[in-house]
Amino acid sequence: MTNTASTNGSSAEMPHDVPVLIVGGSLVGLTTALLLAARGVRALAVERHAGTAIHPRAGHFQIRTTEILREMGLEDEVRQRSRETYDPEGGIIAVESLAGKELARFVSNLNVGVDDRSPTGRIFIDQDVLEPILRRRAEELGATLRYRSEMTSFEQDADGVRAVIRDLDRGKESEVRAKYLVAADGNRSRVRHALGIEKHGYGVLSRSVTIYFEADCAPYLQGRNSGVFYVMNPRLRGFFRLNRVGQKGFLAINTIGEDVTRDEAVNVSAVMNEELARELLRSAIGVPELPMRVRQIIPWEAEASVATRFQQGRVFIAGDAAHIVPPNGGFGGNTGVQDAHNLAWKLAMVLKGQAGPGLLETYTVERQPVGAFTVDQAYGRYATRVVPERGTDNVKPHADDLIVEIGYQYRSTAIVGASDGPLFVHPDELRGRPGSRAPHVWLERNGERISTLDLFGQSFVVLAGSGGGAWRAAAEKGAGALGLPVDFVQVGGGGLVDVNGKFLDAYGLAPAGAALVRPDGFVAWRAEAAPRDDSELAGVLASILDRSRA
Ligand SMILES: Cc1cc2nc3c(=O)[nH]c(=O)nc-3n(C[C@H](O)[C@H](O)[C@H](O)COP(=O)(O)OP(=O)(O)OC[C@H]3O[C@@H](n4cnc5c(N)ncnc54)[C@H](O)[C@@H]3O)c2cc1C
């Protein structure tokens, strides 16, 4: 697989000593490089391909991902690029064929119910359009990306990781030393294998293919603006993602033939060729003689599994290397982006000497349960949308998309006072509980409308209510004691304006209370009333950051 669209940067010298080495420069590797760079850590990412993705693959990006893109200053650009191809209000429906009967509407409009809960929204944007945007921003912020560069081996000791990187154009090998290694090297992750980390779950569900094609499907869209059309008919099960004018896109095929309980039905890639691809496309479009151009056929495995742990010593796994899901629900890439967001601030603080290694150990503790839950939910959507005949015996109860996207909670030593009870609940029930994503509330700062989420990203933030002025001194004392920035923001009481009067309720606070929010926008701790004494907050921060071992 090659990419001639972007320069590969392989002619430049390979750095020898870096704080973080990232293996894999696709969606999750690029996001990790970007988020580390935004926190002042100039990581090196190596990627064996010649550039960013050349296939659309992921297209459905969810609330938490767009919130992270917003944090990186990329939301407007990504939205604009999205609109060039997709309808922002697109939906997800099931049809017998594009020209045939409509069977179900899974999602009528991608953004139903999002407005009050997020300053952004879900979008469709193809992975091959998104990745160059991530790449450019990561490089602007100081990340080093090397393409046509493959990590061939690595070993770690108490002080760091030593890796061998092969320049695939020149055949030259160089050694890179890093304090930490992040493996975003995809589902077949060699790093995960080398570490002996096992996966468990539902295994391989089908050996699928994606057929990239061009054909005039516009007349058969019948005014429907859906970004995704599931197809269920006696010839095949799968889904289309088409551009808004219906001229090009792909058909992903998970099963062929009527009896999807047969093993041959799920081994699509074994029998696929261009002639069969055309026949299946005609069946899925529902127009026998439609002229079309098959551009490419790519095999892939639909799998639902999660790794048992995401860290070993100084090496972390993220994205598809850590969890792999079938595309149904659009969770795969999104979950990986969230892994990167969870890990980047922790690595940055440990590298700056602001936190001890215990903070890094919370990465598996926080992200592995989210990975496992997401695998269950994606498997459930595959089972019910693609192969309902196979039964639903091992399908976990369906959770609303909002729960998967922003309803998960973390329980670890980097959260103080997390509640017991289910880890995954509707975001409206969370109300700023420690361990949950800090809720979105519209505020006004110097006449400008901002979201609470716009306050997070770089530092810990003490977010206090209208009567919570005493928290300013506590924040200053905490910052001084730990030698790190802690922002103080008061909402109401002369501070930022609580535009709709929702702040206290959304954060579950009394006016004198405050929430301590981590740099990844998760509530680390909450005090419902005024500080007991000035050093209370410093103690909480020291415990979260594992300061005794820093
Ligand atoms: C048809 C389809 C539709 C999808 N739709 C969605 C969707 O709508 N929403 C969504 O969120 N997700 C979707 N996904 C899933 C999404 O594409 C993946 O989850 C995402 O690409 C994972 O990113 P990653 O960076 O973890 O891994 P990958 O994209 O697999 O990238 C890993 C990279 O590591 C590189 N690499 C591996 N080993 C080495 C090495 N030793 N040295 C150097 N480089 C190495 C590889 O070349 C590769 O580029 C879809 C997937 C498919 C197949």
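Our structure's up above, just so we're on the same page.
What you see is a predicted model, and the numbers here were worked out from it, not measured in a lab.

Enquirer: If you had to explain the layout of surface pockets to someone new, which residues and values would you point to?
Expert: Its volume calculated, the second largest pocket comes out at about 470 Å³. Taken together, 19 residues line the second largest pocket, and the ones lying closest to its centre are Asp 116, Asp 428, Pro 439, His 440 and Ala 506. Sorting elements by how many residues they give to the lining of the second largest pocket places helix 12 (residues 427-430) first, with 3 residues. When its residues are assigned to classes, the lining of the second largest pocket shows 7 nonpolar, 3 polar and 9 charged.

Enquirer: Got a sec to walk through helix 10 (residues 358-385)? Specific residues and values, please.
Expert: Helix length check: helix 10, at 28 residues, gives a terminal C-alpha distance of 41 Å against a target of 40 Å (1.5 Å per residue), a fit within 8%. The largest bend in helix 10 amounts to roughly 25° and is located at Arg 367, with the proline Pro 369 lying one to four residues further along. Across the 28 residues of helix 10, 23 count as buried, placing the element largely inside the fold.

Enquirer: Lay out the nonpolar core in plain terms, naming residues and giving numbers.
Expert: Core analysis: the largest hydrophobic core is formed by 124 residues, its most contacted members being Leu 21, Phe 460, Leu 516 and Leu 545. Excluding anything up to four places from it in sequence, Leu 516 contacts Phe 460, Val 461, Val 462, Phe 522, Val 523, Ala 524, Trp 525, Leu 537, Val 540, Leu 541 and Ile 544. One finds Val 231, Ile 253, Met 272 and Leu 280 within the second-largest nonpolar core, a separate group that totals 30 residues.

Enquirer: An account of the site of the ligand is needed here, citing residue identities and associated values.
Expert: Of all residues adjacent to the ligand, which total 31 residues, the nearest are Ser 26, Glu 47, Arg 57, Asp 320 and Gly 333. Within the contact set of the ligand, an oxygen atom lies 2.9 Å away from a backbone nitrogen or oxygen of His 60. Asn 334 places a side-chain nitrogen or oxygen 2.9 Å from an oxygen atom of the ligand. A total of 1,000 Å² of accessible area belongs to the ligand in isolation, and the protein chains cover 91% of it.

Conventions used here
Residues numbered from 1 in each chain as written. Predicted model: local features only at pLDDT ≥ 70, side-chain atom pairs only at ≥ 80, totals over all residues. Heavy atoms only, no water. 1 Å grid on protein atoms, 1.4 Å probe; cavity = no way out; pocket = protein on both sides within 12 Å on 5 of 7 lines; lining within 4 Å. Points joined across faces, edges and corners; volume = space filled by probe spheres on them. Helix = DSSP H or I, 4+ residues; strand = E, 2+ residues; numbered from the N terminus. Nonpolar A, V, L, I, M, F, W, Y, C, P; charged D, E, K, R; others polar. Expected span 1.5 Å × (residues − 1). Bend = angle between axes of the 7 residues up to and from the residue. Buried < 20%, exposed > 50% of the residue type's maximum accessible area, 1.4 Å probe, protein only. Core = buried A, V, L, I, M, F, W, Y, C linked by side-chain atoms within 4.5 Å. Contact = heavy atoms within 4.5 Å. Near = heavy atom within 4 Å. Polar contact = N/O pair within 3.5 Å; in protein donor to acceptor, adjacent residues only side chain to side chain. Areas by Shrake-Rupley, 256 points an atom, 1.4 Å probe, with all protein chains shown as cover.

Just geometry here; none of it tells us what the structure is for.
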